[in-house]
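# Residue-level structure breakdown
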Amino acid sequence: MFFVDTLEFEGLGNRSYLAGGPRTAVVVDPPRDIDQVIATAARRGVRIAYVAETHLHNDYVTGGLELARLTGARYLVPADAHVSFPRTPVTDGDTSEVDEHLVLRAIATPGHTPHHTSYALEEDGRAVAVFTGGSLLIGTVGRPDLVDPRLTEHLARAQHTSAHRLAATLDDEVPMLPTHGFGSFCSSSQAEGDATTIGKERSSNDAFTLDVDTFVKRVLAGLEDVPAYYTHMGPANAAGPAPVDLTPPEPADAAQIAERLAAGEWVVDLRSRVAFADGHVAGSFNFEGTGKLATYLAWLIPWGKPVTLLADTPAQIADAQRELTRVGIDRPAAAATGNPAAWVRAEEQLASFPRARFTDLADVHERSEDVVVLDVRRDSERANGFIEGSLHIPLHALHGQVGEVPDRTVWVHCAGGMRAAIAASFLDATGRTVVAIDDAFEAAADAGLSVTRPGISCSTRTEGTRPSSRHSPGRLGPEQAHPRVTGTGLPVPGDSGHSGE
């Protein structure tokens, strides 16, 4: 009998796996904060005998090296991955005995990276699961453009070949357990679903249903901007990440917070966007701790910039700190919790800005042209529809382009509200007058705003709603910190693409 436990890291859209038998186990693609993995193994009562990496990750810092060191496990890393530390190099066809009757077999699957390796878990010679890392994902594949732009098309073709190799090697009923694809930007397109098998992918995944040329064309056309922090992840993983320090940060009082802001450091408020809008430290930025904190903060902050965290409770600081270590933001400079009124000096007041819905924007739009509608969604989202006359600056570009936003009242929106709150905090920090739209974009047309859709020349609005104004609303010009662990004695994955909100 064997088991597979799934550790979910929703903030990054990734999964890690603990799989084994009655006595020993292997960990596949572990997170940076390995205490969670060790605790899962302890609950199972198994010893970690192997730690296996499918590839050098570009979206997070691995805990594999430290996990292997602490447990004495053999560290399996693809042989062609260039690393600066001792490991057990793995090549195609290599096997490792995880437990009695249980073997891990390496399958070369280049595409996401040139050295990418999948691992089939075999019981008595029969594959019972396959860990596909960033190669074959649920309904899609890992993006091929994270290594070198010159290799992108070549790697896209390799993804197609690797997918077919997996299908030829494994039976249709074998559960497929990828690392990426649950909101990770390492996925080449939106992945859907929680569980799959080789057979299900064979019948629905573009890697199988399209010929190689059509597949490559579609993959390349669907690639979006790469989060800026990705450029630091591969080198960190190749060098061998240091152990994490999750001890509480230095406490900061109001004077220290003001000093850090004056020095140009980032002060990040982790509270809900509702609470932040109602009252916050002027100059601070709002990244909700329950949103995709690690992805967006690491994407937007200048790399290496000191960051001070503000939150309601110490537990929220600890959760954020844990999540940020996964992307290489190891130690907050300081932190403060409690009543926001204590975060500002006696002579200062908390800042605030209004929140609104698209119906409010429609009302203002009818009465005044003195507004700018700022859309901070990604290019692919805007391509599916946008408010006529709106200014488009994706969130990941806004901090460096605030000066391009006209000096009028700015109504900022995204797809659901989280990214709009981040953008509003950026604008508010520069002294701009801003309104954060906390609403689903689908409500814009229902509110009577003119929404342009691809291939449709006229405005789109819902029958019976307020007619669109003739005035343009602006000028032309997008966690959980702890993993969820699921387990089973059967060879199936646990519970559950790019989520903007």
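Thresholds applied
Residues numbered from 1 in each chain as written. Predicted model: local features only at pLDDT ≥ 70, side-chain atom pairs only at ≥ 80, totals over all residues. Heavy atoms only, no water. Buried < 20%, exposed > 50% of the residue type's maximum accessible area, 1.4 Å probe, protein only. Helix = DSSP H or I, 4+ residues; strand = E, 2+ residues; numbered from the N terminus. Arc of directions from axis to C-beta. Pairing = 2+ DSSP bridges. Salt bridge = Lys/Arg side-chain N within 4 Å of Asp/Glu carboxyl O. pLDDT = per-residue confidence, 0-100. Contact = heavy atoms within 4.5 Å. Core = buried A, V, L, I, M, F, W, Y, C linked by side-chain atoms within 4.5 Å. Phe/Tyr/Trp six-rings, centres within 6.5 Å; stacked < 30°, edge-to-face > 60°. Lys NZ or Arg CZ within 6 Å of the ring centre and 35° of its normal. Axes fitted to C-alpha atoms, helices over the stretch in contact; angles between N-to-C directions. Polar contact = N/O pair within 3.5 Å; in protein donor to acceptor, adjacent residues only side chain to side chain.

## Some details on helix α1 (residues 35-44)
Those residues of α1 that sit buried are Q36, V37, T40 and A41. Summarising the axial view, the buried residues of α1 lie within an arc of 135°, below the 170-degree limit, and thus occupy one face. For α1, the exposed residues lying more than 90 degrees away from the buried face are A42 and R43. Positive phi shows up at G45, right after α1, with a value of about 70°.

## What to know about the sheet that holds strand β17 (residues 334-337)
Two pairing modes exist for strands in a sheet, parallel and antiparallel, and in both the strands are linked by backbone hydrogen bonds. In space, the 4 strands of this open sheet follow the order β15-β14-β16-β17, with parallel pairing throughout. Two strands close off the open sheet at either side, each with one partner strand: β15 (285-286) and β17. Judged from the 4 bridges that link them, strand β14 (residues 266-269) and strand β16 (residues 307-311) form a sheet pairing that is parallel. The residue bridging V268 from the neighbouring strand is L309, located in β16.

## So, the pairing of strand β7 (residues 95-99)
By the bridge criterion, 4 bridges tie β7 to strand β8 (residues 102-108) in an arrangement that is antiparallel. By the bridge assignment for β8, S96 is matched with L104. Here β7 hands over to β8 after 2 residues, with H101 in that stretch at a positive phi of 70°.

## Considering the pattern of salt bridges
Applying the stated rule across the entire model yields 31 salt bridges. Linking R105 and E122 is a salt bridge whose minimum nitrogen-to-oxygen distance equals 2.8 Å. On the criterion of sequence distance, the pair formed by R105 in strand β8 and E122 in strand β9 (residues 117-123) is long-range, its members being 17 residues apart. When the shortest N-O distance is used, the salt bridge between R378 and E224 registers 3.3 Å. Of this pair, R378 sits in the loop between β19 (371-375) and α13 (379-382) while E224 sits in the loop between α6 (212-222) and α7 (230-239), and the two are 154 residues apart along the sequence. Each of D33, D35, R322 and R326 takes part in one network of salt bridges that share partners.

## Examining the confidence of the model for the protein
Mean pLDDT over the protein stands at 89; residues scoring 70 or higher make up 88%. In this model residues 457-500 is a low-confidence stretch, pLDDT under 50, and it forms 157 contacts with partners more than four residues away in sequence or in other chains.

## Some remarks on unusual backbone geometry
For D29, which is not a glycine, the phi torsion comes out positive at approximately 50°. Here D29 is to be found in the loop between β3 (24-28) and α1. In this structure, H101 takes a positive phi of about 70° despite not being glycine. By secondary structure assignment, the location of H101 is in the loop between β7 and β8.

## Here we look at the nonpolar core
Formed by 54 residues in total, the largest nonpolar core has its most connected members in W266, F287, L309, L374, L398, V405 and F426. Ignoring anything within four residues of it in the chain, the contact list for F287 reads W266, V268, D269, L270, L293, Y296, L297, L300, I422 and F426. Counting 22 residues, the second-largest nonpolar core is a separate cluster that includes F3, L18, V37 and A41.

## Here we look at the packing of aromatic side chains
Counted according to the given criterion, the structure contains 11 aromatic pairs. An angle of 50° between the planes, with centres 5.4 Å apart, marks the rings of Y17 and F131 as tilted. Here F131 lies in strand β10 (residues 126-133) and Y17 lies in strand β2 (residues 14-20), a separation of 114 residues in the sequence. Ring geometry for F285 against F426: centres 4.6 Å apart, planes inclined by 80°, an arrangement best described as edge-to-face. Taken as a pair, F285 in strand β15 and F426 in helix α15 (residues 418-429) lie far apart in primary sequence, 141 residues in all. Both residues of the pair, F285 and F426, belong to the buried class. Each residue in the set W266, F285, F287 and F426 is aromatic and connected to the rest through ring pairs, giving one cluster. The positively charged end of R377 is found above the aromatic ring belonging to F441, 4.0 Å away from the centroid.

## Digging into the sheet that holds strand β23 (residues 434-437)
Reading across from one edge, β18-β23-β22-β19-β21 is the order of the 5 strands in this open sheet, with parallel pairing throughout. Only two strands of the sheet have a single partner each, and these edge strands are β18 (355-356) and β21 (391-392). Relative to β23, strand β22 (residues 409-413) is paired through 3 bridges, and the arrangement is parallel. Residue pairing in the sheet places V412 in a bridge with A436 of β23. Relative to the sheet, helix α12 (residues 358-367) contacts β18, β19, β22 and β23, its axis offset from that of β22 by approximately 150°. The sheet strands contacting α15 are β19, β22 and β23, and the helix crosses β23 at an angle near 175°.

## Details of the side chain of T109
With respect to the helices and strands, the residue T109 is situated in the loop between β8 and β9. Residue T109 is classed as buried on the basis of its relative accessible area, which comes to 0%. A polar contact of 2.9 Å, which involves the side chain of T109, links it to the side chain of S118. Apart from the residues lying within four places of it in its own chain, the contact partners of T109 are H116, T117, S118, S135, S162 and L166.

## Details of the environment of T452
Note that T452 resides in strand β24 (residues 451-452). Counting along the chain gives 69 residues from T452 to A383, while the straight-line C-alpha distance between them is 9.3 Å. Setting aside residues up to four positions removed in sequence, T452 forms contacts with G385, F386 and E388. A polar side-chain atom of T452 sits 3.4 Å from a polar atom in the side chain of E388.

## Here we look at α6
Buried within α6 are the following residues: F215, V216 and V219. Along the axis of α6, the buried positions cluster into a sector of 95°, meaning they face one direction only. Exposed and oriented more than 90 degrees from the buried face of α6 are K217 and A221. Of the surrounding secondary structure, the elements contacted by the buried residues of α6 are β12 (140-141), α3 (152-169) and α5 (206-209). Measuring from the backbone nitrogen of D213 back to the side-chain oxygen at the start of α6 gives 3.1 Å, which picks out D211 as the cap.

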